[in-house]
Amino acid sequence: MKDEISREERVAGLKGLGCSRKRVEDARFTQGKGNYVDDIKLPGMLHGDFVRSPYAHARIKSINIDAAMALPGVTAVLTAKDLEPLGLHWMPTLAGDKQMVLADGKVLFQGQEVAFVVASDRYVAADAVELVEVDYEELEVIVDPFKSLQSDVVLREDLVADDGSIPNGAHGPRKHPNHIFTWEAGEEEATNQVIDNAAVVAEAEMYYHRTHPCPLETCGSVASMDKVNGKLTLWGTFQAPHVVRTVASLLSGIEEHNIRVVSPDIGGGFGNKVGVYPGYICSIVASIVTGVPVKWVEDRMENLMSTAFARDYWMKGKISATKEGKITGLHCHVTADHGAFDACADPTKFPAGFMNICTGSYDIPVAYLGVDGVYTNKAPGGVSYRCSFRVTEAVYFIERMIEVLAIELNMDPAELRSINFIKKEQFPYTAALGWEYDSGDYQTAWDKALKAVDYKGLRAEQAERVEAFKRGETRKVMGIGLSFFTEIVGAGPVKNCDILGMGMFDSCEIRIHPTGSAVARLGTISQGQGHATTFAQILATEIGLSAESITIEEGDTDTAPYGLGTYGSRSTPVAGAAAAMAGRKIRAKAQMIAAYLLEVHDNDVEFDVDRFVVKGVPERFKTMKEIAYAAYNQAIPGLEPGLEAVSYYDPPNMTYPFGAYVCVMDIDVDTGVPEIRRFYALDDCGTRINPMVIEGQIHGGLTEALAVALGQEIAYDDMGNVKTATLMDFFLPTAWEVPNYETDFTVTPSPHHPIGAKGVGESPHVGGVPCFSNAVQDAFRPFGNRHTNMPHDHWRIWQTANNLGMHD
Ligand code: MCN
Ligand code: CUM
């Protein structure tokens, strides 16, 4: 047979790895054809709404639901008393703690769920919420974790024994009734010794404030209990639908095959939709009680006040070095504010997530990390916002410590980084705090970044600007923010990563249809990352069918293979690997079919783009389309009909993407307004699947980093009132604040991933926050600044200038 198109054209036709293929899901989203939880409307469906606590800490003396029940349209009002007989008034959290589903005797944070009203529509439910009378007795509020550890006020009375002793928590001994855990990594004594004897030591205390990802779509669920066949269907904004199914089964006693969990389209997750919320449980219980479907969708204020936050880490560091700037040791202690319940979604062995990646990109011989988790009167949670399990905190910490050390050494911070990078030939590299970094080439990336922005030129300009400022010729100072980050993404492996005992592998199942198109299902779930586009690209290259003819499905537990979901940028490292491995199984069978059809031995054919070719005889081949047809329609001796494969992939290690970011900023010292002149981001995520999707991920993550560094915060007053529960007060950047991002890349494949890909979704946030913050701090460095806390909003920046005497 003669080939009518060139090999190049055949490769391009696949739209496989490396292709900036347009996102297939956008045709739906841009035309209003997405299907979100709130779009689900079932016959007879009722609507739930919560009575929430106005107080951050109070005892509940009584709840009177009579007036609410009397309102026409109200079907039920659930309180903890109604859930108790079912054993559902408390639920386990993903961190091994337990959490009230509805307030049981007391409330522990403002916005806590107290009662669940079920009514004929959302408006009636909201009216009825106002009619529920709750009698509160206010208690002393604690919003400061340091005070919490000193206080006589016991927040979690359920965690103190009758004799006053303090039982162990899920992560070992607790020092105080309000203490959750102590977690340590590294060698404290050896580290202290090095630091005590070092030529140069820099110290810093920093607060990484509480933030919230605030996705466009808030959290919600629709539960439908079909009492006739005993089946529960639950639609919801779940980043891990299979985990929700297993947890729902364990909690309710309904057998797992009788529960179907569906994550439909999700309007942004950013970790906010990993946790299990009382609303999900209440919608299920209400559907079981009423016998009809029940929907619960929170509003914006509820989302900001009560669902998973990020950060709230108080970090204290010491870093030591030789006079020449070679780092010798690092000590870090964190006081971690977890709010009222420990509801982080960290793997069981890591109550402080992967904070022990805090040695960063540097070859630090000895280090120690200690983390104390503490209860306060704030909303629970802790893993959200492109964090990959506290890596954002870790990278912020080390990138600030480097800057502070550079000040101490009177050295250029770019040079200090270069001196200390883990070198290319040191990979795989085992860090002092335990992780084995898979691959990296930091110096090459760093040099490329510094050259791209003309770093030397920028420093010269900055020095001139300082002089001009001192001469009174300008009121603007200039900051050059640097950050170099190493990420750790792709949890598992199962042997050391699980959530509530559920091992962190992932999966892909492929079914090739007779005409050579396919459907592939995975255990992950896109919330905007473009999986329908990019997973098809991985498969296209592996199996030789165009991405255009491969449908990707995720999120329906009745059809998708079991997997642990999408967070911690684990989809590409884990499910992406499963996709490649399943694709290879397809190819192995296709090879046997091709050999039979071509009447040669299996080993005499080889794969070439979209076909199997007889070795050395390129005109003799069978395309994958022909092979697919034959798989179903031709009797092949010794082979079953059909062409399907499944892979459950337990990764041997995590992947370690990295990047080099530079931000150039001008700051008006009289108004405190920063102006971002330039932002350059170089990312290395190994093999790149879709450069355009990667760029989109980076733009989004950088914008969220800008938000967090420059103003976004969940702030509380001393009474535990959330001061930033509306978008009037909570800073969400728009096109107005966002600069033009310049993106760049290097490619250092992961040696253990089947296609060499690392994750990228969280990188821009992880590396972006320290970069923006360092830019602000660097602008004030020539005037004596060492460290100021984020968020660097206009007022705080103005104060920094004022404290440094720049308004005199
Ligand atoms: N990608 C690629 N090449 C690589 C790595 C990734 O083309 N080498 C592509 C992937 O194919 C995928 C996207 O980039 O389409 C992100 O992949 P990955 O880094 O594996 O991250 P996940 O898909 O697991 O997404 C999770 C990550 C997290 S944890 C948060 S938080 C976050 C983020 O993704 N939430 C998001 N980005 C988001 N983007 C949107 N639009 N919405 C969210 O809620
Ligand atoms: Cu930690 S936010 Mo993302 O992992 O869904």
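Basis of the calculations
- Residues numbered from 1 in each chain as written.
- Chains lettered and ligands numbered in written order.
- Predicted model: local features only at pLDDT ≥ 70, side-chain atom pairs only at ≥ 80, totals over all residues.
- Heavy atoms only, no water.
- UniProt positions renumbered as here; feature names shortened; annotations may be inferred.
- Domains from an automatic or database assignment.
- Contact = heavy atoms within 4.5 Å.
- Buried area = accessible area lost by both parts, 1.4 Å probe.
- Salt bridge = Lys/Arg side-chain N within 4 Å of Asp/Glu carboxyl O.
- Polar contact = N/O pair within 3.5 Å; in protein donor to acceptor, adjacent residues only side chain to side chain.
- Helix = DSSP H or I, 4+ residues; strand = E, 2+ residues; numbered from the N terminus.
- Near = heavy atom within 4 Å.
- Areas by Shrake-Rupley, 256 points an atom, 1.4 Å probe, with all protein chains shown as cover.
- Buried < 20%, exposed > 50% of the residue type's maximum accessible area, 1.4 Å probe, protein only.
- Pairing = 2+ DSSP bridges.
- Nonpolar A, V, L, I, M, F, W, Y, C, P; charged D, E, K, R; others polar.
- Arc of directions from axis to C-beta.

As recorded in an unreviewed UniProt entry, the protein goes by the name Carbon monoxide dehydrogenase large chain, listed as coming from Octadecabacter arcticus 238. Recorded under Subunit (unreviewed entry), the UniProt text for the protein is reproduced unchanged: "Dimer of heterotrimers. Each heterotrimer consists of a large, a medium and a small subunit." Check the Catalytic activity (unreviewed entry) section of the UniProt entry for the protein; it says "CO + a quinone + H2O = a quinol + CO2".

Engineer: Can you help me understand the domain arrangement of the protein in this one?
Structural biologist: The parts lose accessible area when they come together, and the size of an interface is often stated as this lost area. The domains assigned to the protein are domain 1 (7–34 + 506–649), domain 2 (37–139 + 218–266 + 273–306) and domain 3 (310–491 + 654–803). One C-alpha centre belongs to domain 2, the other to domain 3, and the line joining them spans 37 Å. Taken together, the contacts link 22 residues of domain 2 with 23 residues of domain 3. Carbon and sulfur atoms supply 63% of the area buried between domain 2 and domain 3, which totals about 1,700 Å² over both sides. The interface formed by domain 2 and domain 3 contains 0 salt bridges. Here domain 2 and domain 3 share 8 residue pairs in polar contact (both at pLDDT 80 or more) between them. Counting residues per element, the ones that place at least two in the side of domain 2 that touches domain 3 are β5 (98–100) and α10 (300–306). By residue number, the principal contributor to the side of domain 2 that touches domain 3 is α10, which donates 5 residues.

Engineer: What should I look at first to understand the site of ligand 1 in this one?
Structural biologist: Taken together, 32 residues form the shell around ligand 1, and within it G269, H531, T572, Q697 and V760 come nearest. Within the backbone of G269, a nitrogen or oxygen atom sits 2.6 Å from an oxygen atom of ligand 1. In the model, a nitrogen atom of ligand 1 is placed 2.8 Å from a nitrogen or oxygen of the T687 main chain. Within the complex, 96% of the 840 Å² of free accessible area of ligand 1 lies under protein.

Engineer: In this structure, what is going on with the pairing of strand β14 (residues 294–297)? I would like to understand it.
Structural biologist: Remember that side chains alternate between the two faces of the sheet whenever the strand is regular. Of the two faces of β14, the one holding V294 and W296 and the one holding K295 and V297 are both buried throughout. Pairing analysis gives 3 bridges linking strand β1 (residues 46–52) to β14, with the strands arranged parallel. Along β14, the bridge assignment pairs H47 with K295. Inspection of the sheet shows strand β11 (residues 220–226) paired to β14 by 4 bridges, in the antiparallel sense. Residue pairing in the sheet places A223 in a bridge with V294 of β14.

Engineer: Looking at this model, I keep getting lost on the site of ligand 2. Mind explaining?
Structural biologist: Around ligand 2 sit Q239, F270, G271, V383, S384, Y385, R386, C387, S388, Y567, G568 and E762, and that is every residue in its neighbourhood. Between E762 and ligand 2, the recorded distance is 3.0 Å, taken from a side-chain N or O atom to an oxygen atom. Residues of the shell around ligand 2, tallied by class, amount to 5 nonpolar, 5 polar and 2 charged.

Engineer: Would you take a moment to explain the pattern of salt bridges for this structure?
Structural biologist: Close approach of charged atoms lets side chains of opposite charge pair. Counted according to the given criterion, the structure contains 51 salt bridges. Here K15 ties to E548 by a salt bridge, and the two come within 3.2 Å at their closest N and O atoms. Of this pair, K15 sits in the loop between α1 (7–14) and α2 (26–29) while E548 sits in the loop between α15 (531–543) and β25 (550–554), placing them 533 residues apart in sequence. Three or more residues joined by partner-sharing salt bridges are found here, namely R7, R10, D608, D610 and R611.

Engineer: I'm lost on helix α20 (residues 794–803) in this one. Help?
Structural biologist: Because each turn of an α-helix spans 3.6 residues, side chains separated by three or four positions in sequence point in the same direction. Where α20 is concerned, the buried positions are I797, T800 and A801. The arc that holds every buried residue of α20, seen down its axis, measures 95°, which confines them to one face. Pointing more than 90 degrees away from the buried face of α20 are the exposed residues W795 and N803. One or two residues past the end of α20 sits G805, with phi positive at roughly 75°.

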